[in-house]
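One-letter residues, chain by chain:
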Amino acid sequence: MKLSTRMSRLGTETAFEVLAKAKALEAQGREIVHLEIGEPDFDTPANIIDAAVEALRSGHTHYTAANGIPPLREAIAEEVSQTRDIPVHPDQVVVVPGGKPIMFFILLALCESGDEVIYPNPGFPIYESMINFVGATPVPIPLLMEKEFSFDLDDFRRLVTDRTRLIILNSPANPTGGVLSPDDLAQVAEIALARQIPVLADEIYSHILYDEAFASIATIPGMQDLTIILDGYSKTYAMTGWRMGYGVMPIELAQHITKLMVNSNSCTAAFSQMAGVEALKGPQDAVAEMVDAFRRRRDLIVDGLNDIPGFRCLLPKGAFYVFPNIEGAGKTSQELADYLLEEAGVALLAGTCFGAYGEGFLRLSYATSEANIAKALDLIKGSVARL
Ligand code: PLP
């Protein structure tokens, strides 16, 4: 079949390819430590599972409103209002199957050929993929290790043009674990407000923060009308397989995004939405426990990586990834990632899976047990010594 030309512009998420390669090695009898996939290794908290089972048994098995059931949109509006200190009306909320559809829909709704979109690089690979797919021009803003994986604001200002149609921010960030400071957010907001450029704020890791309070660009006066908040359940509640995410945006845009839902998914699964109400309204202890476990794992992996000759690793402030600089090991990111999978049996990602500015880095997800992390560190250290 002849594919549309736009399909040639669609990228992918390499993590899934590395996972497939690692699984193939396991099928041959090799033991592999998995540090490639970005999903919490915890089970979804029991109260959320119980709510879904109850929802299934009591008939929540049909279509719902395309933008989500009212009790869920109300609960999300309340949660976002509290965590970002802004008023949120439930009609500003569109519930979608996971965080990714918000990226897809916002780019479809706002951007076309000739438009430029500024996005973080290294960054979540779907940004660049979707910008290309909708025919817009990706404009990467380099994230810099010397700026704790924030960007240089002068670089940022230089990239903004009359054609800039959207700015994508991600804090806490995948793959770096970096967090944008309130000052960075204020400066980006100043530019966005002056030129009336919308901001897609990917805040999917908003609850996975170790030392500081969460800051959203939407909180800055004037920015609420220009911001689309993307958040969801995958990371905070260990619910990657449930496909539950949402966007919070001005009501008029929410109506267009709802139309995209009608045209694509009809709605998010009814029982997942019911579970989503329980996740927000029920006890939050499990979230705090997960973040505590991530903090211990983060400290273990950062110490271990900094003990490997040629590796330099910052202490990430959020999310569950480390992004060590490996230039001192004398191999490119991809060569080293391939070598570590083959030689050490450790599956991880080359920094370049997250864009060109990821060269010189690796990404390791520490959403796995301390025992696995300790084992991976031993294996990596031994293999790097044999380079
Ligand atoms: N945004 C970022 C920065 C992510 O890292 C991810 C998943 O890895 C997502 C969004 C998408 O999450 P979901 O699985 O809910 O679509």
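Quick caveat, the model's predicted, so the values are computed rather than measured.

> Would you mind showing me how to read the overall build of the protein here?
Helix and strand counts for the protein stand at 12 helices and 12 strands. Relative to a compact globule of 387 residues, whose C-alpha radius of gyration would be 21 Å, the protein shows 21 Å and is just as compact. A burial count over the protein gives 55% of its 387 residues as buried. Restricting to contacts in the protein with at least 6 residues of sequence separation, those with at least 24 account for 74%. Total accessible area on the protein is roughly 16300 Å²; 52% of this is exposed by carbon and sulfur atoms. Looking at the protein, you have 31 positive and 50 negative side-chain charges, and the mean spots of the two groups are 5 Å apart.

> Sorry if this is basic, but what is going on with the domain arrangement of the protein here?
Buried accessible area, meaning the area lost when the parts come together, often serves as the stated size of an interface. For the protein, the assigned domains read domain 1 (5-43 + 285-385) and domain 2 (48-281). Distance from the C-alpha centre of domain 1 to the C-alpha centre of domain 2: 25 Å. Regarding the contact of domain 1 and domain 2, the summed buried area is about 3300 Å², with carbon and sulfur atoms giving 63% of it. The largest share of the area that domain 1 buries against domain 2 comes from K317, F354 and Y357, three residues that together contribute 21% of it. At the junction of domain 1 and domain 2, the tally comes to 4 salt bridges. Between K317 and E212 there is a salt bridge; the shortest N-O distance is 4.0 Å. The interface formed by domain 1 and domain 2 contains 18 residue pairs in polar contact (both at pLDDT 80 or more). Elements supplying a minimum of two residues to the side of domain 1 that touches domain 2: helix 10 (285-306) and strand 9 (321-322).

> Would you mind showing me how to read the packing of helix 4 (residues 100-110) against helix 5 (residues 125-133) here?
Angle between the axes and distance between the axes: these two values describe a pair of packed helices. One can describe the packing of helix 4 onto helix 5 by two numbers: an axis separation of 9 Å at closest approach and a directional angle of 30 degrees. By the angle class used here, helix 4 and helix 5 are roughly parallel. You can see that helix 4 and helix 5 cross each other, and the crossing is right-handed. Along its contact with helix 4, which presents K100, M103, F104 and L107, the element helix 5 presents I126, Y127, M130, I131 and F133.

> Is there a simple way to think about the pattern of salt bridges in this case?
If charged atoms from side chains of opposite charge come close, those side chains can pair. Inspection of the entire model under this criterion finds 19 salt bridges. Put simply, R163 and E116 hold a salt bridge, and the shortest N to O gap is 2.9 Å. One end of the pair, R163, is in the loop between helix 6 (153-159) and strand 5 (164-170); the other, E116, is in strand 3 (residues 116-121), with 47 residues separating them in the sequence. E116 sits in the buried class, given a relative accessible area of 11%. The residue R158 makes a salt bridge to D155 at a minimum N-O spacing of 2.8 Å. Of this pair, R158 and D155 both sit in helix 6, separated by 3 residues, roughly a single helical turn. Take D155: its relative accessible area is 22%, and that puts it in the partly exposed class.

> Is there a simple way to think about the site of the ligand in this case?
Around the ligand sit 14 residues, and of these G99, D202, Y205, S234 and K235 come closest. Contact between the ligand and S234: an oxygen atom at 2.6 Å from a side-chain N or O atom of the residue. Its residues assigned to classes, the shell around the ligand shows 5 nonpolar, 5 polar and 4 charged.

> Honestly, the environment of Q82 in this entry has me stumped. Any pointers?
Along the polypeptide, Q82 turns up in helix 3 (residues 70-84). With 155 residues separating them along the chain, Q82 and Y237 place their C-alpha atoms 18 Å apart.

> Can you help me understand the environment of E327 in this one?
By secondary structure assignment, the location of E327 is in the loop between strand 9 and helix 11 (333-344). Classification of E327 as exposed rests on a relative accessible area of 52%.

Cut-offs and rules
Along each chain, the written sequence defines residue order, and numbers are assigned to residues from 1. Per-residue local features are limited, in this predicted model, to residues with pLDDT of at least 70; the limit for side-chain atom pairs, both in listing and counting, is 80 or more; totals at the level of whole chains, interfaces and linings are taken over all residues. Hydrogen atoms and water are omitted, and side-chain values are computed over all heavy atoms in the structure. Starting at the N terminus, helices and strands are each numbered in turn, a helix being any DSSP run of H or I of at least four residues and a strand any DSSP run of E of at least two. Atoms counted for the radius of gyration: C-alpha only. Globule rule: 2.2 Å times the number of residues to the power 0.38. Working definition: with a 1.4 Å probe on protein chains only, accessible area under 20% of the residue-type maximum means buried, over 50% means exposed, and in between means partly exposed. Contacts are assigned to residue pairs that have any heavy atoms within 4.5 Å of one another. To be clear on the numbers: accessible area is Shrake-Rupley with a 1.4 Å probe, and residue cover counts the displayed protein chains and nothing else. Counted as positive: Lys and Arg. Counted as negative: Asp and Glu. His and the chain ends are not counted at all. Here the site of a charge means NZ on Lys, CZ on Arg, CG on Asp, or CD on Glu. Domain start and stop points were drawn from an automatic or database domain assignment. By buried area we mean how much accessible surface two parts lose on assembly, using a 1.4 Å probe and totalling the loss over both. For salt bridges, the criterion is a side-chain nitrogen of Lys or Arg within 4 Å of an Asp or Glu carboxyl oxygen. Any pair of N or O atoms that falls within 3.5 Å is considered a polar contact. Within protein, one atom must be able to donate a hydrogen and the other to accept it, and sequence-neighbouring residues count only if both atoms are side-chain atoms. Between N-to-C directions, angles span 0 to 180 degrees; the directions come from axes that are lines fitted to C-alpha atoms, helices contributing only their stretch in contact. Geometric relationships in this document are graded by angle, where less than 35 degrees denotes roughly parallel, more than 145 denotes roughly antiparallel, 65 to 115 denotes roughly perpendicular, and other angles denote oblique. Handedness of a crossing follows from how the near helix is turned relative to the far one, being left-handed for an anticlockwise turn of less than a right angle and right-handed for a clockwise one. Note on definitions. A residue lies near a molecule or strand when any single heavy atom of the residue is within 4 Å of it. Under the grouping applied here, Gly and all other residues not named as nonpolar or charged are polar, the nonpolar ones being Ala, Val, Leu, Ile, Met, Phe, Trp, Tyr, Cys and Pro and the charged ones Asp, Glu, Lys and Arg.

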